[in-house]
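A look at the structure
Given next are the chains, with one letter for each unit.
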Amino acid sequence: MHLQTPHGLLGGLIITAATMFPSIAVAGAAQIDVAGFDLADVRLLDSPFRQASERNAQYLLKLEPDRLLHNTRKYAGLEPKGALYGGWESQGIAGHTLGHYLTALSQQFAASGDKRFRKRIDYIVTEMAEAQRAYGDGYVGALPPLELETLRALKDGRVAPENPFFFEGGAWVPWYTQHKILTGLRDAWVLGGNAQAKEVALTLADWSDEITVGLSEGQVQTMLQVEHGGMSEVLIDLYARTGNERYREASLRFHHHAVLEPLRAGRDELPGKHANTQIPKITGAARSYEVLGEPGDRALAEGFWQRVVGRHSWVIGGNSDGEHFFSPETASSHLSAATAESCNTYNMLKLTGHLFAWQPRVEYADYYERALYNHILASQEPEQGMFTYFMSLKPGHFRTYSTPSDSFWCCVGSGMENHTKYGEAIYFHRADELFVNLFVPSVLTWKAKNFVLEQRSDYPYGNQIELTVKSSTARPVTLRVRSPQWAAGPITFRLNGRPLAVDGDPGSYASIERRWRKGDRLVVTIPMALRTEALRGAPEQIAFLYGPVVLAGDLGAVPRTATFPYARDQGDNFEAGSADVPTLLVDPATIAESLRRVPGDRLAFLAEGMGTEGQENVTLRPFPELHYRHYNVYWTLTPPSR
Ligand SMILES: [Zn+2]
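Notes on the structure in this doc start here. (Residues numbered from 1 in each chain as written. Predicted model: local features only at pLDDT ≥ 70, side-chain atom pairs only at ≥ 80, totals over all residues. Heavy atoms only, no water.)

1. Points about the environment of Leu154
The test is simple: Secondary structure is summarised from DSSP: a helix means a run of H or I of at least four residues, a strand means a run of E of at least two, and numbering begins at the N terminus for each. What makes two residues a contact is simply this: any of their non-hydrogen atoms within 4.5 Å.
Inspection of the secondary structure puts Leu154 in the loop between α6 (145-152) and β5 (161-163). In this structure, the C-alpha to C-alpha distance between Leu154 and Glu210, residues 56 residues apart in sequence, is 9.5 Å. Leu154 has contacts with Val159, Trp175, Ile211, Thr212, Leu215 and Met223, leaving out every residue within four places of it along the chain.

Encoded structure:
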């Protein structure tokens, strides 16, 4: 396992030796089973993931730091150097993008080593340090006056929430926004290697403590009624990195008992609650477990994960309708245009990373993979790298994407991070074991073992993965290859052309211990077959899957309009027309065998003659590919009348 990250001065440069990825961080008291690799140790090879990462990198470079810093300077009394961006950046939540942007730049720099990103980090941190001095009390961010004054008033004991998103007077989630700023600065320090970011971050953390330390327990819990992001998570992480007790105390202050206690007691009180408000509270408890070792926090995080993944998630791995959890048995009445907010899945993947580090279970990795392909990858628009807010599951509907400079929704912020960290969960390690967890083309350099592994495949279009050892020492390394629970049979292996007898039952990790030699080539074959999953509470409504991907019906092109594909408002296309969706006249028991793969197509299945009149034939394609198309995920099946 990684211990607390050592940061040292070397040749006058701050380096981040053995920097751990913050979402799969492992410092402190708890027993951690497996560790992830630094983003720098994993280079993506060509695949849809690398293409998404490159597209996103271009967008990061197109954004102008001076525009994101507009409010930061303005409200510190300094002259802005760029015009304010539109959308949410010109509203009360302004500044959340600046924080996400710092994290995205830091991850992109860590993953690529590209100095253009480091230059931006350095510039922004310098600007923020100047603004922090001008603000005078330790604060830094980009909050408009109402939001900033609402936080500053906490120091005088003024705590007045109006509803889950606003304080009285209309201040919009100021702690949520500050959590992004603080996390961005932490990442600029830890991943970006910027020493000044450490000072700015810790000064801001001190301020966050200072304005809340005088509140009574009751006042604090009242304050926490308003969405506050992952404040507990970033503060406990700062405690782990600095040992400063003040951050431990401040982190525990942000534990929201009204939500955490029912979960601790094993009760599912999630229906009706705003999903993305809650998930970061659990990630905070998870990080807290790692740092402080309180077993109750672990049980809480594991129980929450089981509930959300097992009961509250759509087939694509996302959750929620209109941003809220609902009673799982009513899922079929929630197939709306506002399903599956992408921030939720961004946060669920963070949580999954923690759980996997504690206990490397196939179940966790399978969920990570499902959500990664069908929600995260699918959320990026292929022309300009824009972002979905909701992933509409309304029958026959389509995806709506952000504009480059006039949306800046929460999901744009978390979205720009998503595509900078595809390397975070492909490989894990413990002792002499290397987990090959995701089948994403990449090269891993396991520095401590002098072991370099190259992974190539066109998965999930094909079902073979080639693992080639590029460098190895004489010491044995055990490869542990995930055999997904959904596999249609045991995964099989050929080593240097010869079959290898290894147990590869679905839902397990196959183990291959060997003194690997340079040039060793292991080919993994994962049996795939079409399968279905029913919607909870509605067994006659099913979705199709093939390997890790959901297959959705391709129902034709969506015409371009003023709000399609790019919309300023996330709700702009809620009322836009959907394509007609046929009922499939097939017996649910035999449907998977009734569909045939379309010859000559990379991955498509045809439901031939099965649709209701006028739409007899339906083509199913991988859900991540269905950009600018009307699509359908859940189908109503009716056995044909005889
Ligand atoms: Zn969001």
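2. Focus: the pattern of salt bridges
Should the charged atoms of two oppositely charged side chains come close, the side chains can pair. Using the following cut-off: Salt bridges, as used here, are contacts in which a Lys or Arg side-chain nitrogen is within 4 Å of a carboxyl oxygen on Asp or Glu. When accessible area is computed with a 1.4 Å probe and restricted to protein chains, residues below 20% of their type maximum are described as buried, those above 50% as exposed, and intermediate ones as partly exposed.
Scanning the model with the defined rule gives 47 salt bridges in all. The residue Glu127 makes a salt bridge to Lys81 at a minimum N-O spacing of 2.8 Å. Taken together, the residues span a long stretch of sequence, with Glu127 in helix α5 (residues 115-135) and Lys81 in the loop between α3 (70-74) and α4 (96-112) at a distance of 46 residues. Judged by its relative accessible area of 6%, Glu127 falls in the buried class. Its salt-bridge partner being Arg456, residue Glu454 comes within 2.9 Å of it at the nearest N-O pair. According to the relative accessible area criterion, Glu454 is buried, its value standing at 13%. Among the charged side chains, a salt-bridge network with shared partners connects Lys155, Asp206, Asp209, Glu210, Arg246 and Arg253.

3. What about the sheet that holds strand β11 (residues 442-446)?
Applied cut-off: Only strands that DSSP links by at least two bridges are regarded as paired with each other. Between N-to-C directions, angles span 0 to 180 degrees; the directions come from axes that are lines fitted to C-alpha atoms, helices contributing only their stretch in contact.
Here seven strands make up an open sheet; going across it, the order is β4-β11-β12-β13-β18-β15-β16 and the pairing antiparallel. What marks the edges here is a single partner per strand, and that holds for β4 (42-44) and β16 (498-500). Between one strand axis and the next, the sheet turns by 20° as a mean value, whatever way the strands run. With four bridges connecting them, strand β15 (residues 492-495) and strand β18 (residues 521-525) associate as antiparallel partners. Bridge pairing links Phe493 to Val524 in β18.

4. Some points on the coordination of the zinc ion
Think of it this way: four donors in a tetrahedron around the metal ideally sit 109.5 degrees apart, and six in an octahedron ideally sit 90 or 180 degrees apart. Our working definition: A donor here means an N, O or S atom no more than 2.8 Å from the metal, or no more than 3.2 Å when the metal is Na, K or Ca. Since water is not included, a site may seem to lack partners.
Binding of the zinc ion to the protein goes through Glu341 (OE), Cys343 (SG), Cys410 (SG) and Cys411 (SG), at separations of 2.2 to 2.3 Å. For the zinc ion, the single-chain donor residues occur in sequence as E-x1-C-x66-C-C. Separated by 69 residues along the polypeptide, Glu341 in the loop between α14 (295-311) and α15 (342-358) and Cys410 in helix α17 (residues 410-418) bring together distant segments of the chain. Both residues of the pair, Glu341 and Cys410, count as buried.

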